[in-house]
Amino acid sequence: MDYVYIVPVGSIRDDFWVEPLEHAVMRTFGLKTRYRRFDLDLARAYDARRGQYDSAEILRQLIAALPPDGCRVLGVADVDLFIPILTFVFGEAQLNGAGSVASLHRLHNEYYGLPRDKHLMLERLLKEALHELGHTFGLIHCHDPRCVLRSSTYVEDIDQKSAEFCEACREKVRAGVAACRRQARSAAGKTNRGNAVRSYDVPPIV
Ligand SMILES: [Zn+2]
Ligand SMILES: [Zn+2]
């Protein structure tokens, strides 16, 4: 099967985002979703010097725990993520691989000293989730200012783009999803999962 697993990472209290996120993933990629908690060891990703969590390590654990009926996994974290060369990341994904992760941490208005806005946070999460999943289907950053695959350095950048792929990216998404379905059909169980782990050799992109 070709489920997209949506996995909470850390101690997320709110779950109002789960259903809208599942809908957005289904609508955008035409893939079914499963919301599950995985047995993750978040402490292993913690960098005490930076006070942040290594997103590559979280990705590794998510991919390793992905059940055979899953073609993709999207972790939704509440902790601050980083990769060594950057101060922080909103998320990270494998290009053409199984794994992606996005964090709510810097999507909250409160993080910037602004009043709480659940709707805005949800909108930001949907955009970041579709963006990261887009990478897993082989898409790289897009220069179209409205396209969800445009890279975001600041939260304002997320607010400026839409939650949709531009036409060119939508074409590539369709091709990527079709390839994913073919792979899921031809590979049985563990083989499929093995492919996903091997594709980790592709450098992750944020
Ligand atoms: Zn685009
Ligand atoms: Zn990106």
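Note: the structure precedes this text.
Description of the structure in this document. (Residues numbered from 1 in each chain as written. Chains lettered and ligands numbered in written order. Predicted model: local features only at pLDDT ≥ 70, side-chain atom pairs only at ≥ 80, totals over all residues. Heavy atoms only, no water.)

### Digging into the overall build of the protein
Phase 1 of the analysis: Scanning the protein from terminus to terminus reveals 6 helices and 8 strands.
Phase 2 of the analysis: When the helices and strands of the protein are listed from N to C terminus, the series reads β-α-β-β-β-α-β-β-β-β-α-α-α-α.
Phase 3 of the analysis: Its C-alpha atoms give the protein a radius of gyration of 16 Å, near enough to 17 Å, the size a compact globule of 206 residues would have.
Phase 4 of the analysis: Dimensions along the principal axes, computed over C-alpha positions, put the protein at roughly 50 × 40 × 30 Å.
Phase 5 of the analysis: Sorting the 206 residues of the protein into buried and exposed places 51% on the buried side.
Phase 6 of the analysis: Intrachain contacts of the protein at a sequence separation of at least 6 include 70% that bridge at least 24 residues.
Phase 7 of the analysis: When the accessible area of the protein is evaluated, it comes to approximately 10000 Å², of which 52% is carbon and sulfur surface.
Phase 8 of the analysis: Across the protein, the centroid of the 28 positively charged side chains sits 5 Å from that of the 27 negatively charged ones. (Helix = DSSP H or I, 4+ residues; strand = E, 2+ residues; numbered from the N terminus. Rg over C-alpha atoms; globule rule 2.2 N^0.38 Å. Buried < 20%, exposed > 50% of the residue type's maximum accessible area, 1.4 Å probe, protein only. Contact = heavy atoms within 4.5 Å. Areas by Shrake-Rupley, 256 points an atom, 1.4 Å probe, with all protein chains shown as cover. Lys, Arg positive; Asp, Glu negative; His and termini not counted. Charge placed at Lys NZ, Arg CZ, Asp CG, Glu CD.)

### Focus on the sheet that holds strand E4 (residues 52-54)
Phase 1 of the analysis: The strand order across the open sheet formed by 3 strands is E3-E4-E6, and the pairing between neighbours is mixed. The sheet is open, and its two borders are formed by strand E3 (46-47) and strand E6 (81-82), each paired with just one other strand.
Phase 2 of the analysis: Taken together, the 2 bridges between E4 and E6 define a ladder with parallel strand orientation. Note on E6: the bridge partner recorded for Asp-54 is Phe-82.
Phase 3 of the analysis: Lying over the sheet, helix H2 (residues 55-65) contacts E4 and E6, oriented at roughly 50° with respect to E4. (Pairing = 2+ DSSP bridges. Axes fitted to C-alpha atoms, helices over the stretch in contact; angles between N-to-C directions.)

### Points about the coordination of the zinc ion (ligand 1)
Phase 1 of the analysis: Around the zinc ion (ligand 1), the protein contributes the donor atoms Cys-142 (SG), Cys-147 (SG), Cys-166 (SG) and Cys-169 (SG), which lie 2.3 to 2.4 Å from the metal centre.
Phase 2 of the analysis: Geometry at the zinc ion (ligand 1) is tetrahedral, judged from the 4 donor atoms that bind it and their angles of 103 to 116° at the metal.
Phase 3 of the analysis: Ordering the donors of the zinc ion (ligand 1) by residue number gives the pattern C-x4-C-x18-C-x2-C. Note that Cys-147 is positioned in the loop between helix H3 (118-136) and helix H4 (155-160) and Cys-166 in the loop between H4 and helix H5 (167-186), a separation of 19 residues in sequence.
Phase 4 of the analysis: Relative accessible area serves as the criterion here: at 14%, Cys-166 is assigned to the buried category. (Donors = N, O, S within 2.8 Å, 3.2 Å for Na, K, Ca; no water. Tetrahedral: all angles 85-135°; square planar, octahedral: opposite > 155°, others 65-115°.)

### Digging into unusual backbone geometry
Note: most peptide bonds trans; most residues except glycine with negative phi.
Phase 1 of the analysis: In this structure, Asn-96 is a non-glycine residue whose phi angle is positive, near 60°.
Phase 2 of the analysis: Within the secondary structure, Asn-96 is located in the loop between strand E7 (91-93) and strand E8 (99-103).

### A closer look at the sheet that holds strand E2 (residues 33-35)
Phase 1 of the analysis: A sheet is described by the order of its strands in space; here 5 strands give the open sequence E2-E1-E5-E8-E7, paired in mixed fashion. Each having just a single partner strand, E2 and E7 make up the two edges of the open sheet. Pairwise comparison of adjacent strand axes, ignoring direction, gives a mean angle of 20° for this sheet.
Phase 2 of the analysis: With 5 bridges connecting them, strand E5 (residues 70-77) and E8 associate as parallel partners. Within E8, the position partnered with Leu-74 by the bridge is Ser-100.

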